[in-house]
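# Residue-level structure breakdown
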There are 6 protein chains.
Amino acid sequence: MKILVINPNTTASMTDHIGKAARGAASPGTEITAVNPTHGPVSIEGYFDEAMSLAGLLDTIRRNPDCDAVVIACFDDTGLDAARCLTDRPVIGIGEAAYHFASMISNKFSVVTTLARSVPALEHNLARYGLDARCAKVRSSEVAVLELEQPGSNARQKISAEIGTAIAEDRAEAIVLGCAGMASLAADLAQEHGLPVLDGVTCAVKLAEAMAGLNMRTSRLGGYAPPPPAKLKSIFPGE
Amino acid sequence: MKILVINPNTTASMTDHIGKAARGAASPGTEITAVNPTHGPVSIEGYFDEAMSLAGLLDTIRRNPDCDAVVIACFDDTGLDAARCLTDRPVIGIGEAAYHFASMISNKFSVVTTLARSVPALEHNLARYGLDARCAKVRSSEVAVLELEQPGSNARQKISAEIGTAIAEDRAEAIVLGCAGMASLAADLAQEHGLPVLDGVTCAVKLAEAMAGLNMRTSRLGGYAPPPPAKLKSIFPGE
Amino acid sequence: MKILVINPNTTASMTDHIGKAARGAASPGTEITAVNPTHGPVSIEGYFDEAMSLAGLLDTIRRNPDCDAVVIACFDDTGLDAARCLTDRPVIGIGEAAYHFASMISNKFSVVTTLARSVPALEHNLARYGLDARCAKVRSSEVAVLELEQPGSNARQKISAEIGTAIAEDRAEAIVLGCAGMASLAADLAQEHGLPVLDGVTCAVKLAEAMAGLNMRTSRLGGYAPPPPAKLKSIFPGE
Amino acid sequence: MKILVINPNTTASMTDHIGKAARGAASPGTEITAVNPTHGPVSIEGYFDEAMSLAGLLDTIRRNPDCDAVVIACFDDTGLDAARCLTDRPVIGIGEAAYHFASMISNKFSVVTTLARSVPALEHNLARYGLDARCAKVRSSEVAVLELEQPGSNARQKISAEIGTAIAEDRAEAIVLGCAGMASLAADLAQEHGLPVLDGVTCAVKLAEAMAGLNMRTSRLGGYAPPPPAKLKSIFPGE
Amino acid sequence: MKILVINPNTTASMTDHIGKAARGAASPGTEITAVNPTHGPVSIEGYFDEAMSLAGLLDTIRRNPDCDAVVIACFDDTGLDAARCLTDRPVIGIGEAAYHFASMISNKFSVVTTLARSVPALEHNLARYGLDARCAKVRSSEVAVLELEQPGSNARQKISAEIGTAIAEDRAEAIVLGCAGMASLAADLAQEHGLPVLDGVTCAVKLAEAMAGLNMRTSRLGGYAPPPPAKLKSIFPGE
Amino acid sequence: MKILVINPNTTASMTDHIGKAARGAASPGTEITAVNPTHGPVSIEGYFDEAMSLAGLLDTIRRNPDCDAVVIACFDDTGLDAARCLTDRPVIGIGEAAYHFASMISNKFSVVTTLARSVPALEHNLARYGLDARCAKVRSSEVAVLELEQPGSNARQKISAEIGTAIAEDRAEAIVLGCAGMASLAADLAQEHGLPVLDGVTCAVKLAEAMAGLNMRTSRLGGYAPPPPAKLKSIFPGE
């Protein structure tokens, strides 16, 4: 089974980090291809970055048709709906994956993400998936995405402190880490705080395996109907 | 990996049917144990049957501690919350599993279940999971659960007709089959109607594998906190 | 008029307490029968206890057909839907009763219940009844159910403190006491805090009188349709 | 016990009809005073009539302080919130009363009211009470309020036909009659259609008895705080 | 273009204040007529005042037919629905206007209003308009409406302090001032706190110009259908 | 006052059509600049086209800083949130504008759009704006966007037929036309069907004038915080 894991920003070190987390979660026999677009924002923090990464993200999907499922490895589930029009293979966002799992092992979870500017986009996603009722609060740790890549930063401490507050104030029974770059912290923070801490990358890889294993396809009726070939050709003229 | 699949009604032929569907979906290396309680209702059609099957269901979980995940193979997700208190292994309902997957491959899905009396319980579940906004309609085919086990019944036709109506009237982009006993019909109906048709048993087995593969545990904080040992002993005095 | 008041746990002293509160609220001419099952949990604190009390609860209803209405005297409204399938007499949960009344004498109310583990079940009930929009918050006092039966406990103080917080922080205009065992505290706490404090037992008895007085019956169509006699016989073979 | 039943329109024959229904439902020992304002609309059909009846309605409450509970006998629950500021006795709207009861004897109910122009006001009330999730549909029979008072009209037939449609199309398990003037039809229509048919007047009288019997008072905190005496005097200068 | 701006309370100095704010916002060529009823409450603080101002408000609309749009200049949008039945010109409430604009320049806003007793009415309006999901919190500054008219009061300070809390605790991205009497404070408070602060009077005047400029009319179908002439005549007999 | 009206697709004839409609609605003194990106999809019909038009749309905003407000003239409000990060001038989507106005002149409206594949995106927008409760139904006329530009097509008839159905089946009190290309049809269809028919282009121009006239700015706190200059430079390197 082949899973295409796309980091929609252009920071290769983060793609490596994500690829490692994905491979760590994958079953034997699953091949992970971790890629990122060559142009677009270096990190995705809010609506503008999200929008500017879409062309690169969708082009990456189009150029990698040989896969059984696609994982979008940015916590705001960048371009999820558009990607589902472009391919009938299951497309899973890492935010979405973590929320769904969290809702099956807790009555209520909180999200700890990076910057305040990213919070509304996550809240909108939760509302769209219907899982806002299960999310106590989306919290920002005020750790920037690329800070997570810097060895000396106190990112882990800030995130841990925010988890503590979520347990005390939100009555959170589980925590979802709100950035692909936090994947390596999950196990340790779960240990420290005594509750499930979910990382979206590993959740999405397992969901992708599950859906590809069932040979699932995205519906071609209604909102995910594929764009007509003529339109595709006009947009990607190199075809 | 060991997955305990519990049919909460007492009809052994249905347990066989469910076990077969579960094994068909399981990865190599996954061992499926399909069981049912020895007392309780012969089929679960609505609130009363659900309630009367709970003691048997929970007792079955307690007697089978050696597993990595539990699947509750009744479409109304009988006793899901109570089961999550009793064991920290992931517990997945087949209704829940199908709804979550359907919401990731379609914008809107409809459910086709057995009898009208079962519809409100399913609607309540959907609302609780937050996925009611993604469900266009819960439809009953007026096929009783045990009719599905009878070779000569016209169950398949009634279900197929209801799927046709769901596509035409509900703008459904995918269909969820609303009974464990319909597992064997899914592939064929998908073919016939040209859209994804999801069966909960296979969905739940794959979700169980995914969650167990990530070594997930149900939260022990809040609503799923385990009952104190003294209480357990008073309820199951044989311990 | 005869009202069957069922304490679904097996603690007889609590049944006495509940029976006394019920009789105190009943009109002249109303006969209260307060009973409890002989097996099941000694107290109901969360999903697991709820599930394990259902068989006893429903059996108790079946054995007491000679009544005009049934009150389920546990604040999580244990088995309400299943009970409505079993008898066409009005069945009223004490949680439900208190919420409905509170929504008619205040814009917003808060609930003060026993343990944190019980909170999610109450939140789910409120959402199901549609009254979650009227409930500011479900608060736990961390008083266990059976502590309420112990003369020397500081249960009253903890509950009173939580009411004070609800008024200050939730802008609660009324308080609902979230346990049948708190019935005797309501009048005094209302006096102390200067706002309505509702106890579910008395509310449910009055609702039961009202509904029985109107000769109301639970609908036999759809979700509350009675189980077929053959199924009933297979479940309660002694019939 | 004294219950003040106010028909907020000025049609005395309708007040008589309502008074009769109220007395039919009242317990021995309950005294019903059925009144209507002397100025304002002759019938209440929609937002404008509602608004223009408020001054008369509130003045009627002020002039009748000697009562244990107040029933507002118009199905759109005219002035309910304002009335709750003016008196601390329980104030119950007949729409509200019927919705609450219907939600306790059915999973879903439909409303059959008079004219299409009244539907949005009822839908708004249902949303405010939180009971919209339990209401399948608000249907208009296109019978004007005063037509209900005319012996030769075919009002009953139109209403009965609409009930038939509600059962078939809405999967309604109970019906709420959406006008005080329909009180006398309920028993007969329930018989005809084989499901509970609720009339708001009788429901509200029983709720009023229940609440007064518990000595309940509307909260004086927050939104129902009484207007200061100086303001009352400036508005009702005759005081 | 002529816009009728109605202050539904009877305090003329407040009408002047509102008229000044309205004229300050109006385009050249727009004529503002600011009026108030001659009887009714001197200020509108909660449900009772609202109800008692309706007859005067609607009578004022009826007596001023020569206008292109109507603004109801009380923040609880007094009588909005009834007014829309009485005239087909656009009718805009100042609360409504500010909420709609705030939802287009921020992800989340908080409201700072006068007294706690007014909060539930505003919350109900927000829910009805569907904009409650965009409102973080309705806060009361405990400044009475008429205090805003008194030069020496510390009203501005209390309101400013509440805005500070809203930014810190609610993550509000914009503030809506919850009283017509606060119109003159908006620009200054926006400057002080560095975020948009919206005043309903100016918002409503601009919306009124926009709608009248498009020649919009309120729908005459359904809930805003005009009352029949006979009913109007019976209510306003002087016609 | 200068309003930048962006057609996010690349079809110049449609930009002309939109520009004409915008100028027809603008006040004297308002200058309309109607533009479209030079690359991207020729029409926007669903999620994929939306995503692929974003880079061109945002680049167009960046290249036209000299304006007082921005209108996004595609009915799915393409890139609304991202645009609000890029400029602090008010940004208004034509879908959004029409929904807000429709909710102020009707209790319930229906949308008539182009193709079924566009419906889910519109439903998601409505839910996000909170206006889904006011929208009875989003209907597709099965008229493709570019068909609207073809003189001989029977587009108008199909749209008119769908409006008829919306009135009869949805109890719609107003209609919103769901495509910028339908702007010229609104007045005529309103006349034909006797209810308000709103076109988003004209609504958005008037809202833009209103907001710019109040000197409103989009909040710079939280979700609409502007991207840091370094990130902007990396994305638009030509700066």
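Residues numbered from 1 in each chain as written. Chains lettered and ligands numbered in written order. Predicted model: local features only at pLDDT ≥ 70, side-chain atom pairs only at ≥ 80, totals over all residues. Heavy atoms only, no water.

### Here's the deal with the layout of surface pockets
All names here are of chain D. Which entries qualify depends on this criterion: Residues are said to line a cavity or pocket when one of their atoms sits within 4 Å of a point; the points come from a 1 Å grid over protein atoms alone, cavities being sets where a 1.4 Å probe fits but cannot get out and pockets being open sets with protein on both sides within 12 Å along at least five of seven lines. Grid points are joined across faces, edges and corners, and a volume is the space filled by probe spheres set on the points. A run of H or I in DSSP counts as a helix once it spans at least four residues, and a run of E counts as a strand once it spans at least two, with each numbered from the N terminus. Polarity classes work like this: nonpolar for Ala, Val, Leu, Ile, Met, Phe, Trp, Tyr, Cys and Pro, charged for Asp, Glu, Lys and Arg, and polar for all others, with Gly in that last group.
Volume-wise, the second largest pocket comes out at about 710 Å³. Those elements giving two or more residues to the lining of the second largest pocket turn out to be helix 1 (12-25), helix 7 (186-193), strand 8 (197-199) and helix 8 (200-213). Of the residues that constitute the lining of the second largest pocket, the class distribution is 14 nonpolar, ten polar and four charged.

### Brief notes about the environment of A:A183
Residues and elements named next belong to chain A. The condition that has to hold: Any two residues whose heavy atoms approach within 4.5 Å at even a single point are treated as in contact.
Within the fold, A183 resides in the loop between strand 7 (174-178) and helix 7 (186-193). Separated by 162 residues in sequence, A183 and A21 have C-alpha atoms that sit 6.5 Å apart. Setting aside chain neighbours within four positions, we find A183 in contact with H17, A21, D199 and V201.

### Quick notes on unusual backbone geometry
All names here are of chain A. Which entries qualify depends on this criterion: A simple rule labels every residue: compare its accessible area, found with a 1.4 Å probe on the protein chains alone, to the largest value its type can have, and call it buried under 20%, exposed over 50%, or partly exposed in between.
The phi angle at R171 is positive, at roughly 55°, despite the residue not being glycine. Here R171 shows up in the loop between helix 6 (155-170) and strand 7. Since its relative accessible area comes to 31%, R171 is described here as partly exposed. The backbone phi angle of N215 is positive, close to 60°, even though this residue is not glycine. The residue N215 is located in the loop between helix 8 (200-213) and helix 9 (229-235) in this model.

### Some remarks on the interface of chain D and chain E
When the parts come together, some accessible area is lost, and that loss is often what is quoted as the size of the interface. So the rule is basically this: Put simply, buried area is how much 1.4 Å-probe accessible surface two parts lose in total, over both of them, once they are put together. Salt bridge, as used here: a side-chain nitrogen of Lys or Arg that lies within 4 Å of a carboxyl oxygen of Asp or Glu.
Taken together, the contacts link 33 residues of chain D with 33 residues of chain E. Around 2700 Å² of area is buried between chain D and chain E when both sides are counted, 73% of it from carbon and sulfur atoms. Applying the counting rule to chain D against chain E returns four salt bridges. Across the pair E:E45 and D:K231 runs a salt bridge, and its minimum N-O distance is 3.3 Å. If you list the elements that add at least two residues to the side of chain D that touches chain E, you get helix 2 (47-63), helix 3 (80-86), helix 5 (119-129) and helix 9 (229-235) of chain D. No other element matches the eight residues that helix 2 of chain D contributes to the side of chain D that touches chain E.

### Digging into the sheet that holds strand 2 (residues 31-35) of chain C
Residue and element names in this part refer to chain C. The condition is simple: Strand pairing is defined by DSSP finding a minimum of two bridges between the two strands. For helices, the fitted axis covers only the stretch in contact; all axes are lines through C-alpha atoms, and the angles between them, taken along N-to-C directions, range from 0 to 180 degrees.
As summarised here, the arrangement of the four strands in space is 2-1-3-4, forming an open sheet in which the pairing is parallel. Edge positions in the sheet fall to strand 2 and strand 4 (91-93), since each of these pairs with one other strand and no more. Going from strand to strand, the sheet's axes swing by 20° on average, the running direction of each strand aside. Where strand 3 (residues 69-72) meets strand 4, three bridges bridge the pair, whose relative direction is parallel. Paired with V70 across the strands is V91, a residue of strand 4. Contacts from helix 1 (residues 12-25) reach strand 1 (2-6) and strand 2 within the one sheet, and its direction differs from that of strand 2 by about 165°.

### Looking at the interface of chain E and chain F
Heads up, the condition is: Under the rule applied, a polar contact is a pair of N or O atoms within 3.5 Å (in protein, one hydrogen donor and one hydrogen acceptor; residues adjacent in sequence only if both atoms are side-chain atoms).
Each partner contributes to the interface: chain E provides 40 residues, whereas chain F provides 40 residues. Here chain E and chain F share an interface that buries about 3100 Å² over both sides, 66% of which is from carbon and sulfur atoms. At the junction of chain E and chain F, the tally comes to zero salt bridges. Remark: the boundary between chain E and chain F carries eleven residue pairs in polar contact (both at pLDDT 80 or more). Counting only elements with at least two residues in the side of chain E that touches chain F, the list comes to helix 3 (80-86), helix 4 (94-105), helix 5 (119-129) and helix 8 (200-213) of chain E. Considering each element in turn, the side of chain E that touches chain F owes the most residues, seven residues, to helix 8 of chain E.

### What about the relation of the copies chain D and chain E?
The condition is simple: In superposing the copies, a least-squares fit is computed on C-alpha atoms, taking residues whose pLDDT is at least 70 in both.
Mapping chain D onto chain E leaves a residual RMSD of 0.0 Å; the transformation is a rotation of 180° accompanied by 0.0 Å of translation along its axis. This pairing of chains is accounted for by a two-fold axis. Here 100% of the interface residues in chain D have copies in chain E that are interface residues too; the copies meet face to matching face.

### Digging into the side chain of F:D49
Looking at where F:D49 falls in the secondary structure, it is placed in helix 2 (residues 47-63). By relative accessible area, F:D49 is classed as buried at 3%. Here A:K231 takes part through its side chain, which lies 2.5 Å from a polar atom of the side chain of F:D49. Ignoring sequence-local partners within four residues, the contact set of F:D49 consists of A:K231, F:P41, F:S43 and F:I44.

### Looking at the pairing of strand 5 (residues 109-113) of chain A
All names here are of chain A. As a reminder, the rule being used: Classification remark: right-handed applies to a crossover when, strands pointing away from the viewer, the course from the first strand over the helix to the second runs clockwise.
For strand 5, a buried count of five out of five residues is recorded, marking the element as mostly surrounded by other parts of the structure. Here strand 5 shows a buried face lined by F109, V111 and T113 and a second buried face lined by S110 and V112. Strand direction decides the pairing type here: strand 5 and strand 6 (residues 135-140), joined by five bridges, are parallel. Each residue of the ladder has a partner; that of T113, found in strand 6, is S140. In this fold, the crossover linking strand 5 to strand 6 by way of helix 5 (residues 119-129) has right-handed handedness. Bridge count for strand 5 against strand 7 is five bridges, and the pairing is parallel. Residue pairing in the sheet places F109 in a bridge with A174 of strand 7.

### Side note on the side chain of C:T30
Residue and element names in this part refer to chain C. Mapped onto the elements of the fold, T30 is located in the loop between helix 1 and strand 2. Among the polar contacts listed, one links the side chain of T30 to the side chain of E209, at a separation of 2.7 Å. When neighbours within four sequence positions are excluded, T30 is seen to be in contact with M1, I3 and E209.

### Overview of the packing of aromatic side chains
Rules: Stacked, edge-to-face and tilted labels apply to pairs of Phe, Tyr and Trp rings (six-membered ring for Trp) whose centres lie within 6.5 Å, assigned for plane angles under 30 degrees, over 60, and everything in between, in that order.
A complete count under the given rule lists 30 aromatic pairs over all chains for this structure. Centroid distance A:F48 to F:F236: 6.2 Å. Interplanar angle 55°. Geometry classified as tilted. You can see A:F48 sitting in helix 2 (residues 47-63) and its partner F:F236 sitting in the segment after helix 9 (229-235), one on each of two chains. Overall, the relative accessible area of 2% leaves A:F48 in the buried class. Residue classification places F:F236 among the buried residues on the basis of a relative accessible area of 7%. Each ring, one from D:Y99 and one from D:F109, has its centre 6.0 Å from the other, and the planes form 15°; the classification is stacked.

### Describing the pairing of strand 1 (residues 2-6) of chain A
Remember that side chains alternate between the two faces of the sheet whenever the strand is regular. All names here are of chain A. Among the five residues in strand 1, four count as buried, and that is most of the element. Where strand 1 meets strand 2 (residues 31-35), five bridges bridge the pair, whose relative direction is parallel. Bridge pairing in strand 2 links L4 to T33. For the crossover from strand 1 across helix 1 (residues 12-25) to strand 2, the handedness is right-handed. Bridge count between strand 1 and strand 3 (residues 69-72): four bridges; the pairing is parallel. Counted as the bridge partner of V5 is V71 from strand 3.

### Concerning the domain arrangement of chain A
All names here are of chain A. Heads up, the condition is: Here the limits of each domain have been adopted from an automatic or database domain assignment.
Domain annotation for chain A reports domain 1 (2-93 + 202-235) and domain 2 (95-200). Summarising the inter-unit geometry, the C-alpha centres of domain 1 and domain 2 are found 21 Å apart. Taken residue by residue, the interface counts 28 residues in domain 1 and 32 residues in domain 2. A combined buried area of about 2300 Å² lies between domain 1 and domain 2, and 59% of that area is made up of carbon and sulfur atoms. A salt bridge links D81 to R128; its shortest N-O distance comes to 2.3 Å. Along the contact surface separating domain 1 from domain 2 lie 16 residue pairs in polar contact (both at pLDDT 80 or more). Listed by contribution, the elements that provide at least two residues to the side of domain 1 that touches domain 2 are helix 1, helix 2, helix 3 (80-86), strand 4 (91-93) and helix 8. Sort the elements by how many residues they give to the side of domain 1 that touches domain 2 and helix 1 lands first, with five residues. Partitioning the side of domain 1 that touches domain 2 into residue classes produces 15 nonpolar, seven polar and six charged.

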